[in-house]
Amino acid sequence: MTSGFLFPCFPPHVSINNEKRGVLLTARLISLAALSTLSILAAWVSGNVAHAAEPQIVIKFSHAAAMGTPKSISIEHFKRQVELKTNGRVRVDVYPNSTLYKDKEELEALQMGAVQMLAPTLSKFGSLGIKEFELFDLPYLFSSRDEVSKVTRGGVGQKLFSILETRGIKGLAFWDNGFKMMSANRPIHVPSDMKGMKIRIQGSKVLDEQMRALGANPQVMSFSEMAQALQSGVVDGAENPPLNFFSQKIYEVQKHLCITNHGYLGFAVIANKRFWDRLPADVRQALETELQEAGKLNDSLTERESTSAMEAIRKSGKTQIYQPTVDEIRLWKNALIPVHKVMEERIGASLLQQVRKELKP
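As the structure is a prediction and not an experimental result, all values here were calculated from the model.

A. Quick look at helix α10 (residues 281-316). With 36 residues, α10 should reach 52 Å at 1.5 Å per residue; the first-to-last C-alpha distance of 50 Å fits that figure. Bending of α10 peaks at approximately 25° at the position of Glu 305. Of the residues flanking the end of α10, it is Gly 317, one or two places downstream, whose phi is positive at about 75°.

B. Region of interest: the environment of Leu 122. With respect to the secondary-structure elements, Leu 122 resides in the loop between β3 (117-118) and α4 (145-152). Sequence separation between Leu 122 and Glu 132 is 10 residues; the distance between their C-alpha atoms is 10.0 Å. Here Leu 122 is in contact with Phe 133, Phe 136, Phe 174, Tyr 264, Gly 266, Phe 267 and Ala 268, once residues within four sequence places are set aside.

C. How the structure looks around the packing of aromatic side chains. Under the counting rule described, the total for this entry stands at 9 aromatic pairs. With 4.4 Å between their ring centres and 5° between their planes, Phe 161 and Phe 174 make a pair best called stacked. Residue Phe 161 is located in helix α5 (residues 155-165), and its partner Phe 174 is located in strand β4 (residues 169-179); the two are separated by 13 residues in the primary sequence. Of the two residues, Phe 161 and Phe 174, neither departs from the other in class, the shared state being buried. Between Phe 246 and Tyr 251 the ring centres are 5.4 Å apart and the planes differ by 10°, which places this aromatic pair in the stacked class.

D. Local environment of the pairing of β4. Counting buried positions over the 11 residues of β4 gives 10, a clear majority of the element. Of the pairings in the sheet, the one linking β4 to strand β10 (residues 264-272) comprises 8 bridges and is antiparallel in character. By the bridge assignment, Trp 175 is partnered in β10 with Phe 267.

E. Region of interest: the confidence of the model for the protein. With 85% of its residues at a pLDDT of at least 70, the protein reaches an overall mean of 88. Low pLDDT (under 50) marks residues 1-51, which in the prediction has 13 contacts with non-local residues, meaning those over four places away or in another chain.

About the criteria used
- Residues numbered from 1 in each chain as written.
- Predicted model: local features only at pLDDT ≥ 70, side-chain atom pairs only at ≥ 80, totals over all residues.
- Heavy atoms only, no water.
- Helix = DSSP H or I, 4+ residues; strand = E, 2+ residues; numbered from the N terminus.
- Expected span 1.5 Å × (residues − 1).
- Bend = angle between axes of the 7 residues up to and from the residue.
- Contact = heavy atoms within 4.5 Å.
- Phe/Tyr/Trp six-rings, centres within 6.5 Å; stacked < 30°, edge-to-face > 60°.
- Buried < 20%, exposed > 50% of the residue type's maximum accessible area, 1.4 Å probe, protein only.
- Pairing = 2+ DSSP bridges.
- pLDDT = per-residue confidence, 0-100.

Pasting the structure below:
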């Protein structure tokens, strides 16, 4: 049996002592080790030159959230981890706070490929004619984040993402942003207090119907314009979860806030489908893995920071916070639940039936 090493052989007529034999053997081994090392180095250099020749994948990730919010922190975390885990093959350029595209522009920019990833609110898909996403705008459909998760992680969530693909959009993840409250510059305790007020909403037919059911006048407006419109009196009030109310400093321009928790606000992390499908499989896997981790971070931060935001708003003394009684919440529900029936045809009766089935204990 031969070994993996080649030992020096000497003709039988050559006399060599053990000391010289050892020196020659050592020299032979060193030579073989050097050749092996050079081969490994050559292969490493060749592989890295080939790797360096690959063009870097650049992802423009635009969103509307302010820096320091859970959504922004989580996207920055996603950026760092993706760049680290792909050894620089992927670079994620993040554009927060609507600095690249405003609400009305970003989805069109994504479809055109001018930006590769977004995290819009679920209400925005209605403007693309994808009416099914407006189910999330139905008032008092969900009572907790756990109920939302049952829907987004189940068959309904998969169905909604499959619909997006028909519009050139790849749905990747659902992220939380909390439950909404009503604000205005006059006290809001019961639904009748909303009558006649101009209320800023996102471009959703369900939200439009919701405000009309309360006797308010809905005003569609981009998120980035909301604070200025409230300050100048262009609109009288708005609906926001605690984080939006705090991060956009709405508490500085609205004197009253009512904790109605009447609707849910969430995000969908999405990508341009053509761009996504052309990515190498290992890159897609890395992005999906890091999005899952970033989503967990966003949801946990949202839950914690929502409480902190409400406490900060209270301490500011600029906004009076009102907690409706059980009877008053019943009045809000009585006024808003009929919106479900009105919007059933728009959203789809079968889809709403599937949602209710998934929400059953």
